[in-house]
Amino acid sequence: MSKKGTVLVSGGAGFIGTHTTVALVEAGYDVVMIDNFSNSGPSAVEGVEKILGRKVTFEEVDTCDEKALRGVFERHQFDTVIHFAAYKAVGESVADPLKYYRNNLVSYMNILKLMKEFKRPNVLFSSSATVYGDAETLPVTEQTPRQEATSPYGNTKQIAEDILRDCCKAYPGFYGIALRYFNPIGAHPSALIGELPRGVPNNLVPFITQTAAGIRECLSIFGNDYNTPDGTCLRDYIDIVDLAKAHVAAVDRMVSGKMETKYEIFNVGTGKPVSVLELVTRFEKANGVKVPHKIVGRRAGDVPAVWADTTLANEKLGWKAERDLDDTLRAAWAWEQNLHKK
Ligand code: UD1
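Note that the structure is predicted; figures quoted are calculated from it, not measured. Position numbers for residues count from 1 along each chain, tracking the sequence in the order it is written. With the structure being a predicted model, the display of local features is reserved for residues of pLDDT at least 70 and the display and counting of side-chain atom pairs for 80 or more, all residues being used for whole-chain, interface and lining totals. Working from all heavy atoms in the structure, the side-chain values ignore hydrogens and water.

Q: Describe the environment of C218, with residues and values.
A: Helix and strand assignments come from DSSP, with helices taken as H or I runs of at least 4 residues and strands as E runs of at least 2, each series counted from the N terminus. Relative to the assigned elements, C218 resides in the loop between α7 (204-212) and β8 (219-222). Separated by eleven residues in sequence, C218 and F207 have C-alpha atoms that sit 9.0 Å apart. Residue contacts follow a heavy-atom distance rule, with two residues in contact if any of their heavy atoms lie within 4.5 Å. Those residues in contact with C218 that sit more than four places away from it in its chain are F207, T211, P292, H293 and K294.

This is the structure:
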């Protein structure tokens, strides 16, 4: 066992899970990855192993299956869990809320229950900037009031944050950190792991890379009549490798007993707003490819602008987004191209 300790990563084969596993192992942690491959596949685990040059512990387990999850707790010693396993398609959650509430909350409750029962102290929850909704002041700090969720997906993030807060308050020896991610994009520089959306991508960057690759004919830009400098929405696009490192910093903080309160929240972003149009243009320039695009109507539920105040994460986690946006966009394109070579 590693001196630094072992981390259970649920949803380990996903976009953020794979990159975080790589970062944890590189930082000296042992990792137990679990995933039910509902939105990923064994090639994601192979990608992680290729980057690390060694095998990682992986078990195909559905976190909604309490019995199977209990087996993981019985077989492996770890102090910390990073819980990624969840559905994340906003539109689908509106169409089928029960699917989202069941999957995202049952899996989470199982994790929390077993962490308490097996006296494993640290829970890191994968939250989202979606909890801020259409914030009144920008950039948002962790103190900015949350807005009522506009989708069941967003609501599962808010509920999960509250459950963690209450558990930390009630149970001795139980600690929690919620990381609120802004817009994670890019891929590992090796192009061996990245984002693998099934079907038509909902998120901007996978749609851009698929359009550049000729899989999609044309990118639709949802609205150019927002009250922003170029009329398109502003977001805070955080490189996936930087985001993975934020998890390592948060785990370090938990295992070294540096938490100031039992439950803490951190924004994980760059602090820099970028418009949709600007992102498309930057992608084209950085990669020397064209992304055919057209302006269409607004997408329901989109907020005009949201970006992070990252002071707290910078100061308390000693973490800062470092990667240059052009490098991130080049990595996203390299990953997309690599997919078609296979
Ligand atoms: C979305 C979710 C958010 C979730 C996150 C996960 C909504 C309202 N929010 O964030 O809750 O945590 O994904 O990654 O769905 N855009 C286009 N054309 C496209 C796709 C996107 O113009 O084909 C625009 C959107 O209008 C938005 C920006 O690109 O302004 C980013 O969109 P997206 O990547 O879907 O992320 P968010 O909507 O910010």
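Q: Residues and numbers for helix α1 (residues 15-26), please.
A: Any helix carries an expected span of 1.5 Å times its number of residues minus one. Helix length check: α1 (twelve residues) gives 17 Å between terminal C-alpha atoms against 16 Å at 1.5 Å per residue, within 8%. Of all twelve residues in α1, eleven are buried, a share of seventy percent or more. Taken from the residues just after α1, G28 is the one with a positive phi, measuring 105°. Think of it in three bands: with a 1.4 Å probe and only protein chains considered, a residue is buried below 20% of the maximum accessible area for its type, exposed above 50%, and partly exposed in between.

Q: Pulling in residues and values, what's your account of the state of the cysteines?
A: For the purposes of this analysis, a disulfide is any pair of cysteine sulfur atoms at a distance within 2.5 Å. Scanning the model with the defined rule gives zero disulfides in all. Of all cysteine sulfurs in the structure, the one in C233 sits closest to C218, which takes part in no disulfide; the separation is 17 Å.

Q: How would you sum up the sheet that holds strand β11 (residues 263-268)? Please name residues and give values.
A: DSSP calls a pair of strands paired once it identifies at least 2 bridges connecting them. One open sheet accounts for seven strands, arranged β3-β2-β1-β4-β5-β6-β11; its pairing is parallel. Either end of the sheet is taken by a strand with one partner, and the two such strands are β3 (57-60) and β11. Averaged over all pairs of adjacent strands, the angle between their axes in this sheet comes to 20°, without regard to strand direction. With five bridges joining them, strand β1 (residues 6-10) and strand β2 (residues 30-35) adopt parallel strand pairing. Its bridge partner being in β2, V7 is matched across the sheet by V31. Here the axes come from fitting lines to C-alpha atoms, over the contacting stretch only for helices, and the angles between their N-to-C directions go from 0 to 180 degrees. With respect to the sheet, helix α8 (residues 240-255) is in contact with β1, β4 (80-83), β5 (122-128), β6 (175-181) and β11, its orientation differing from that of β6 by roughly 165°.

Q: Could you give an account of the layout of surface pockets, with specific residues and numbers?
A: Cavities and pockets are found on a 1 Å grid laid over the protein atoms alone: a cavity is a set of points where a 1.4 Å probe fits but cannot escape, a pocket is an open set with protein on both sides within 12 Å along at least five of seven lines, and a lining residue has an atom within 4 Å of such a point. Grid points are joined across faces, edges and corners, and a volume is the space filled by probe spheres set on the points. Taken as a whole, the second largest pocket holds about 300 Å³ of empty space. Taken together, 19 residues make up the lining of the second largest pocket; nearest its centre are T270, K272, A321, R323 and L325. Of all the elements in the fold, those that place two or more residues in the lining of the second largest pocket are β10 (237-239), α9 (276-287) and α11 (325-341). When residues in the lining of the second largest pocket are grouped by element, the largest group, three residues, is from β10. When residues are grouped by polarity, Ala, Val, Leu, Ile, Met, Phe, Trp, Tyr, Cys and Pro land in nonpolar, Asp, Glu, Lys and Arg in charged, and all others, Gly among them, in polar. Residues that form the lining of the second largest pocket fall into these classes: five nonpolar, five polar and nine charged.

Q: Give me the environment of A68: which residues, what numbers.
A: One can find A68 in helix α3 (residues 66-75). With near-sequence residues (within four places) excluded, A68 lies in contact with V61 and R75.

Q: Which residues make up the pairing of β5, and what values do they have?
A: Burial within β5 is extensive, with seven of its seven residues counted as buried. Side chains of β5 alternate between two faces, with N122, L124, S126 and S128 and V123, F125 and S127 buried alike. Here four bridges tie β4 to β5, and the two strands are oriented parallel to one another. Across the sheet, the residue bridging to H83 is F125, located in β5.

Q: An account of the nonpolar core is needed here, citing residue identities and associated values.
A: Where a protein is soluble and globular, its nonpolar side chains tend to be buried together. The set of buried Ala, Val, Leu, Ile, Met, Phe, Trp, Tyr and Cys residues whose side-chain atoms join them within 4.5 Å is what this entry labels a nonpolar core. L24, I177, L179, L317 and W319 are the most contacted members of the largest nonpolar core, which totals 44 residues. Elements with a minimum of two residues in this core: β1, α1, β2, α2 (42-52), β6, α8, β11 and α10 (311-317). When residues in this core are grouped by element, the largest group, ten residues, is from α8. If we ignore the near neighbours within four places in the chain, the residues touching W319 are I238, D242, K245, A246, A249, V268, G269, A313 and N314. If you look at the next biggest cluster of nonpolar residues, it comprises 24 residues, including V81, L114, A160 and C168.

Treat this as a map of the structure, not an account of what it does.
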